[in-house]
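Examination of the molecular architecture
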Amino acid sequence: PKASNMSTNENRFNQAVQLDVMHIHGAGQCLVVCEPKTGETLVEFLPQDLAMSGADHFAFFLLSWARRWGLPEIVYVDQDNVFLSDFRRYGESMGLEIRDLAGSDWAGHGRAERTIRSIRWSLDRLMTSQDTSHYDEIKWRLALGMIESAMRNELLRGGFSASQRSTGRTSHFNQPLF
C-alpha cells in the first residue's frame with residue numbers, strides 16, 4: 001500500500017482517526033486512538049501475556065473506539081508491522097479505508113505521536129514515584145484511564161477540551177492523577 005499524507009479534508013467528528021501502538025516496558029502495549037478534529041483520545045491497555053496479532057489489535061480497536069464512537073471512515077496508521085497485516089485486511093473487510101502515513105510524515109501523524117509522548121511522560125512520572133513492578137492488568141488500566149481522562153479534559157485552543165468538543169460535556173476523575 002502506498003503511503004499518504006494526512007488530508008485536512010476530514011471535517012466531521014470520527015470521519016478519520018489516527019492509530020498507533022505504544023510499548024510499556026515489562027507490562028504490555030497501549031493502543032492509542034486520536035481523532036484529529038476534536039483531539040478526542042482513547043488509550044487501551046493490551047496485556048503483555050497476549051500474543052498480539054494484527055487481528056487482535058483490530059479487535060481491541062473495535063471493542064474500545066468503535067464501541068464508543070462507531071467506525072470511522074478512514075484510519076491513519078504508521079507503517080508498523082502491526083498495521084500491515086491482518087489489521088488492514090479486517091479493517092478493509094468492514095469498509096474502513098486504511099491509509100499508511102509515510103514514516104517521515106511525523107506532522108501527519110502528529111496528534112497520535114504527541115499523545116504517545118504525553119503518555120510516556122506521565123508513565124515516567126508514575127514509575128519514578130511508585131514501584132510499578134507489581135502492577136497487574138487492572139492497575140495498568142486504571143493508571144492509563146486516569147492519564148486518558150486528564151488528556152481528554154485538558155483545555156485546548158479555543159478554551160474547550162477534547163471531551164467538550166466531542167460530547168459537549170467534561171468528564172473527570174475526582175482525584176489527583178498520581
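Predicted, not measured: the structure shown is a model, and the values here were computed from it.

Scoring rules and cut-offs
Residues numbered from 1 in each chain as written. Predicted model: local features only at pLDDT ≥ 70, side-chain atom pairs only at ≥ 80, totals over all residues. Heavy atoms only, no water. Helix = DSSP H or I, 4+ residues; strand = E, 2+ residues; numbered from the N terminus. Buried < 20%, exposed > 50% of the residue type's maximum accessible area, 1.4 Å probe, protein only. Contact = heavy atoms within 4.5 Å. Axes fitted to C-alpha atoms, helices over the stretch in contact; angles between N-to-C directions. Parallel < 35°, antiparallel > 145°, perpendicular 65-115°, else oblique. Left-handed = near helix turned anticlockwise from the far one by under 90°. Core = buried A, V, L, I, M, F, W, Y, C linked by side-chain atoms within 4.5 Å. Pairing = 2+ DSSP bridges. Arc of directions from axis to C-beta. Phe/Tyr/Trp six-rings, centres within 6.5 Å; stacked < 30°, edge-to-face > 60°. Lys NZ or Arg CZ within 6 Å of the ring centre and 35° of its normal.

A word on the overall build of the protein
Each helix and strand in the protein was counted, giving five helices and six strands. In the protein, the succession of α and β elements from N to C terminus is β-β-β-β-α-β-α-β-α-α-α. The buried share of the protein, reckoned over its 178 residues, is 46%. For the protein, long-range pairs separated by at least 24 residues make up 58% of all intrachain contacts whose partners lie at least 6 apart in sequence.

Here we look at the packing of helix α3 (residues 110-129) against helix α4 (residues 137-153)
Each packed pair of helices is defined by two parameters, the angle between the axes and the distance between the axes. Axis separation between α3 and α4 bottoms out at 11 Å; the angle between their running directions is 130°. For the element pair α3 / α4, the angle class is oblique. Remark: the crossing between α3 and α4 carries right-handed chirality. Only Trp140, Ala143, Leu144, Ile147 and Met151 of α4 make contact with α3, whose side of the interface consists of Thr115, Ser118, Ile119, Ser122, Leu123, Leu126 and Met127.

Topic: the nonpolar core
In this structure, Met22, Ile24, Cys30, Ile119, Leu123, Trp140 and Leu144 are the most contacted members of the largest nonpolar core, which totals 19 residues. Broken down by secondary-structure element, the contributors of at least two residues to this core are β2 (16-24), β3 (28-34), β4 (41-47), α3 and α4. Excluding its chain neighbours within four sequence positions, the residues that come into contact with Met22 are Gly28, Gln29, Cys30, Ile116, Ile119, Arg120 and Leu123. Formed by 16 residues, the second largest nonpolar core is a distinct cluster that contains Leu19, Leu46, Val77 and Phe87.

Considerations on the pairing of β3
Most of β3 sits inside the fold, with seven of its seven residues counted as buried. Note that β2 and β3 share seven bridges and pair antiparallel. The partner of Ile24 across the bridge, within β3, is Gly28. Counting the residues between successive antiparallel strands, the hairpin from β2 to β3 contains three residues, one of them, Gly26, with a positive phi of roughly 75°.

Some remarks on helix α2 (residues 86-93)
Phe87, Arg88 and Gly91 are the residues of α2 that are buried. Angularly, the buried residues of α2 cover 95° about the axis, an arc narrow enough to put them on a single face. Against β2, α1 (54-69), β5 (74-77) and β6 (97-101) lie the buried residues of α2. Gly95 sits one or two positions beyond α2 and adopts a positive phi of about 90°.

As for the pairing of β4
Counting buried positions over the seven residues of β4 gives seven, a clear majority of the element. Of the two faces of β4, both are covered, the one formed by Thr41, Val43, Phe45 and Pro47 as well as the one formed by Leu42, Glu44 and Leu46. Hairpin remark: β3 followed by β4, antiparallel, with six residues in the connecting loop; positive phi at Gly39, about 90°.

A few points about the packing of aromatic side chains
For the coordinates displayed, the defined rule picks out eight aromatic pairs. Judged by centre distance (6.3 Å) and plane angle (20°), the rings of Phe58 and Tyr90 are stacked. With Phe58 in helix α1 and Tyr90 in helix α2, the pair connects residues that are 32 residues apart, well separated along the chain. Classification of Phe58 as buried rests on a relative accessible area of 3%. Tyr90 sits in the partly exposed class, given a relative accessible area of 35%. The interplanar angle of 50° and the centroid separation of 6.1 Å between the aromatic rings of Trp65 and Trp69 together place this pair among those described as tilted. Note that Trp65 and Trp69 are positioned in helix α1 at a spacing of four residues, about one turn of the helix. Taken together, the ring pairs connect Phe58, Phe61, Phe87 and Tyr90 into an aromatic cluster. Sitting above the plane of the Tyr90 ring, Arg89 keeps its charged end 4.9 Å from the centroid.

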